[in-house]
Amino acid sequence: MRAFEKCYKNKVPIYIVWGTRSDDQQELLYRCGRTIPGIIQTTHRAGYSAHNYGLALDFCLLFNTEILSWEEVYPRKYWRQKWLRAVMLFEEEGWSSKWRGSNFEPGHLENLMGKDIFEYMQEAKIKNNKRDEQTDNRNSGVQDLGKQSQDQNLLI
Ligand SMILES: [Zn+2]
């Protein structure tokens, strides 16, 4: 990953805390602060986050063995600048951050490779439908068998 190497060359000790999330993980995270007690962690339901497609990461900075979150970095100018530099270096490589707009998430970076998140959702839907069709076919086979044995029972 070019942006990652660039960070190290620029002495920005970036540490990835979360990359890909499954739909189940995303849904669980979404429920945090809603139906599960705690603070709200994400505004995205399963399938709506670039994390679900392996196209996003959340980072912290690594200082010796200490993982520094944005909350810890923010009051320390030296580290705050390192953090901003990381975001900048990734942006130079075509990634986007959540520093602008309403959804402020300082450690989030994503790269949708020039596509829209809805295109990925659509592709995933088509894949899922195909999978569902296959399971449906299998299930209806089982149902037929069940029906047959029921009919046979009736005959007996
Ligand atoms: Zn994120």
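Residues numbered from 1 in each chain as written. Predicted model: local features only at pLDDT ≥ 70, side-chain atom pairs only at ≥ 80, totals over all residues.

1. Some details on the overall build of the protein
- Regarding its fold elements, the protein presents 5 helices and 5 strands.
- For the protein, with 156 residues in total, the buried portion stands at 18%.
- A fraction of 56% describes how many contacts in the protein between residues 6 or more apart in sequence connect residues 24 or more apart. (Helix = DSSP H or I, 4+ residues; strand = E, 2+ residues; numbered from the N terminus. Buried ≥ 20, exposed ≤ 12 C-beta atoms within 10 Å, placed from the backbone. Contact = placed C-beta atoms within 7 Å.)

2. What to know about the environment of K98
- Tracing the chain through its elements places K98 in strand β4 (residues 96–98).
- Classification of K98 as partly exposed rests on a count of 17 C-beta atoms within 10 Å.
- Placed 11 residues apart in sequence, K98 and L109 show a C-alpha to C-alpha distance of 7.1 Å.
- Every residue in contact with K98, bar those within four places of it in the chain, is listed here: N103, F104, E105 and H108.

3. Here's the deal with unusual backbone geometry
- For N64, which is not glycine, the phi torsion reads 55 degrees and is therefore positive.
- Within the secondary structure, N64 sits in the loop between β2 (56–63) and β3 (66–68).
- Of note in the backbone geometry, M113 takes a positive phi value of approximately 55 degrees without being a glycine.
- Relative to the assigned elements, M113 resides in the loop between β5 (105–110) and α5 (117–155).

4. Section: the environment of E105
- As for its placement among the helices and strands, E105 is situated in strand β5.
- Sequence separation of E105 and D58 is 47 residues, and the distance between their C-alpha atoms is 8.9 Å.

5. Quick word on the nonpolar core
- The biggest cluster of nonpolar side chains holds 17 residues, and the ones touching the most others in it are I14, F59 and A86.
- At the level of secondary structure, the elements contributing two or more residues to this core comprise β2 and α4 (77–92).
- Leaving out residues up to four positions away in the same chain, A86 has contacts with C7, V12, I14 and F59. (Core = buried A, V, L, I, M, F, W, Y, C linked by C-beta atoms within 7 Å.)

6. With respect to the packing of helix α1 (residues 2–9) against α4
- For the pair α1 and α4, interaxial distance at closest approach is 9 Å and the crossing angle is 140 degrees. As summarised for this structure, α1 and α4 are arranged oblique, according to the angle between their axes. Regarding α1 and α4, the two cross each other, and that crossing is right-handed. On α4, the residues that touch A3, K6 and C7 of α1 are A86, L89 and F90.
- The class makeup of the residues in the contact of α1 with α4 is 5 nonpolar, no polar and 1 charged. (Axes fitted to C-alpha atoms, helices over the stretch in contact; angles between N-to-C directions. Parallel < 35°, antiparallel > 145°, perpendicular 65-115°, else oblique. Left-handed = near helix turned anticlockwise from the far one by under 90°. Nonpolar A, V, L, I, M, F, W, Y, C, P; charged D, E, K, R; others polar.)

7. Regarding the pairing of β2
- With 4 bridges connecting them, strand β1 (residues 14–18) and β2 associate as antiparallel partners. Looking at β2, one finds that W18 is bridged to D58.
- Sheet topology note: the β2/β5 ladder contains 3 bridges and is antiparallel. Across the sheet, A56 pairs through a bridge with E110, a residue of β5.
- Across 3 bridges, the pairing between β2 and β3 is antiparallel. (Pairing = 2+ DSSP bridges.)

8. A word on α4
- For α4, which comprises 16 residues, the first-to-last C-alpha distance of 22 Å matches the rise-based estimate of 22 Å (1.5 Å per residue) to within 8%.
- Lining the buried residues of α4 we find α1, β1, β2, α3 (70–73), β4 and β5.
- Positive backbone phi, approximately 95 degrees, marks G94, located one or two places after α4. (Expected span 1.5 Å × (residues − 1).)

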